[in-house]
Amino acid sequence: LKGRWDRWHTCSLCEQDYHGVVFCALSWACWKTYLGRPETDWPRGAAMMLLGIGLGDAGRFEEALSVQEAELAMRRRAGASAGRILDVQANLAVSYHNLGRLEEASSMQRDVYSGQLKLNGEENRGTLMAANNYAISLTHLKRYAEAKSLLHKMIPVARRVL
């Protein structure tokens, strides 16, 4: 399945990821391919996630946000794992940021970090990435003291774990 799935985001000749409008077009094709499947099927959810990311990559931020909000609702209805919900929320935070909705982006990044911390503990790559993303969102809001405090806490953990 992985080889078949890779065709939607990676060139089979040069093995580089697609980007921009090409990635957007392929993500639409992927979505159309798997749309008819039940909401609980992995390929349908993955296609929806890919579509949201593809739209954002092409600069179609409003559409990406709409798809990602629908994906979050679908994942919740389908009883997705906490980790999968956090992945969707992290993508939503990127869309909020791209639309200049920095407070919402930071709030979502905080929720993702908190969720990763509860789910995986602080010595986890996903938790460390979420902490970094949250700190970056705080700097965009000029909340430097909070970002510094978070990074001072997480950098020693990152050095120990990575």
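Definitions and limits used
Every chain's residues receive numbers from 1 upward, in the order its sequence appears when written. Since the coordinates come from a predicted model, pLDDT governs what is reported: local features require at least 70, and pairs of side-chain atoms require 80 or more to be given and counted, while whole-chain, interface and lining totals use all residues. With hydrogens and water stripped out, all remaining heavy atoms of the structure feed into the side-chain values. Segments assigned H or I by DSSP are reported as helices when at least four residues long, segments assigned E as strands when at least two residues long, and all are numbered from the N terminus. Every helix has an expected span of 1.5 Å times one less than the residues it contains. Each residue is assigned to one of three classes by its accessible area relative to the maximum for its type, calculated with a 1.4 Å probe on protein chains only: buried under 20%, partly exposed between the two thresholds, exposed over 50%. Residues are treated as being in contact if the distance between any of their heavy atoms lies within 4.5 Å. The disulfide criterion used throughout: a pair of cysteine sulfur atoms within 2.5 Å. Under this scheme, a helix contributes an axis fitted over its contacting stretch, all axes are lines through C-alpha atoms, and angles between N-to-C directions fall in the 0 to 180 degree range. Roughly parallel covers angles under 35 degrees, roughly antiparallel covers those over 145, roughly perpendicular covers 65 to 115, and oblique covers all other angles. It is the rotation of the near helix from the far one that decides the hand of a crossing: anticlockwise by less than a right angle makes it left-handed, clockwise makes it right-handed. Note on aromatic contacts: the rings of Phe and Tyr and the six-membered ring of Trp form a pair at centre separations within 6.5 Å, being stacked when their planes are under 30 degrees apart, edge-to-face when over 60 apart, and tilted otherwise. Salt bridge, as used here: a side-chain nitrogen of Lys or Arg that lies within 4 Å of a carboxyl oxygen of Asp or Glu.

## Comments concerning helix α3 (residues 42–57)
With 16 residues, α3 extends 22 Å between its outermost C-alpha atoms, agreeing within 8% with the 22 Å of an ideal straight helix rising 1.5 Å per residue. For α3, the buried fraction is high: 13 of the 16 residues fall into the buried class. Trailing α3 by a residue or two, Gly 59 shows a phi angle of about 80°, which is positive.

## A short note on the environment of Ala 47
Considering the arrangement of structural elements, one finds Ala 47 in helix α3. For the pair Ala 47 and Trp 28, spaced 19 residues apart in the sequence, the C-alpha separation amounts to 8.4 Å. For Ala 47, the contacting residues outside a window of four places in its chain are Trp 5, Cys 30, Trp 31 and Tyr 34.

## Quick look at the state of the cysteines
One pass over the full model with this rule turns up zero disulfides. Unpaired in terms of disulfides, Cys 11 finds its nearest cysteine sulfur in Cys 14, a separation of 3.7 Å. Look at Cys 11 and you get buried, because its relative accessible area is 16%. The thiol sulfur of Cys 30 is not disulfide-bonded, and the nearest other cysteine sulfur, from Cys 24, lies at 12 Å.

## What about the environment of Gly 126?
Along the chain, Gly 126 falls in helix α7 (residues 125–140). As for Gly 126 and Pro 156, which are separated by 30 residues in sequence, their C-alpha atoms are 16 Å apart.

## Let's talk about the packing of α3 against helix α4 (residues 61–77)
Geometry of a packed helix pair, given as the angle between the helix axes and the separation of the axes. At a closest axis distance of 7 Å, the pairing of α3 and α4 adopts a crossing angle of 160°. Relative to α4, α3 is oriented roughly antiparallel. For the element pair α3 and α4, the recorded crossing hand is left-handed. Between α3 and α4, the residues in contact are Arg 44, Gly 45, Ala 46, Met 48, Met 49, Leu 51, Gly 52, Ile 53, Leu 55 and Gly 56 and Phe 61, Glu 63, Ala 64, Val 67, Gln 68, Ala 70, Glu 71, Met 74 and Arg 75, respectively.

## Brief notes about the side chain of Ser 27
Here Ser 27 lies in helix α2 (residues 20–34). The exposure class assigned to Ser 27 is buried, which follows from its relative accessible area of 0%. Apart from residues lying up to four places away in sequence, Ser 27 is in contact with Leu 50, Leu 51, Gly 54 and Leu 55.

## Considerations on the packing of aromatic side chains
Scanning the entire structure with this criterion turns up four aromatic pairs. When the centroid spacing of 6.4 Å and the interplanar angle of 75° are considered together, the rings of Trp 8 and Tyr 34 count as edge-to-face. Separated by 26 residues along the polypeptide, Trp 8 in the loop between α1 (2–6) and α2 and Tyr 34 in helix α2 bring together distant segments of the chain. Exposure class is identical for Trp 8 and Tyr 34. Each is buried. Clustering of aromatic rings is evident, with ring pairs tying together Trp 5, Trp 8, Tyr 34 and Trp 42.

## A closer look at the pattern of salt bridges
Summed over all chains, the structure comprises 10 salt bridges. Its salt-bridge partner being Glu 104, residue Arg 101 comes within 2.7 Å of it at the nearest N-O pair. A salt bridge links Glu 146 to Arg 143, with the shortest nitrogen-to-oxygen separation between them at 2.8 Å. When its relative accessible area of 27% is taken as the criterion, Arg 143 is described as partly exposed.

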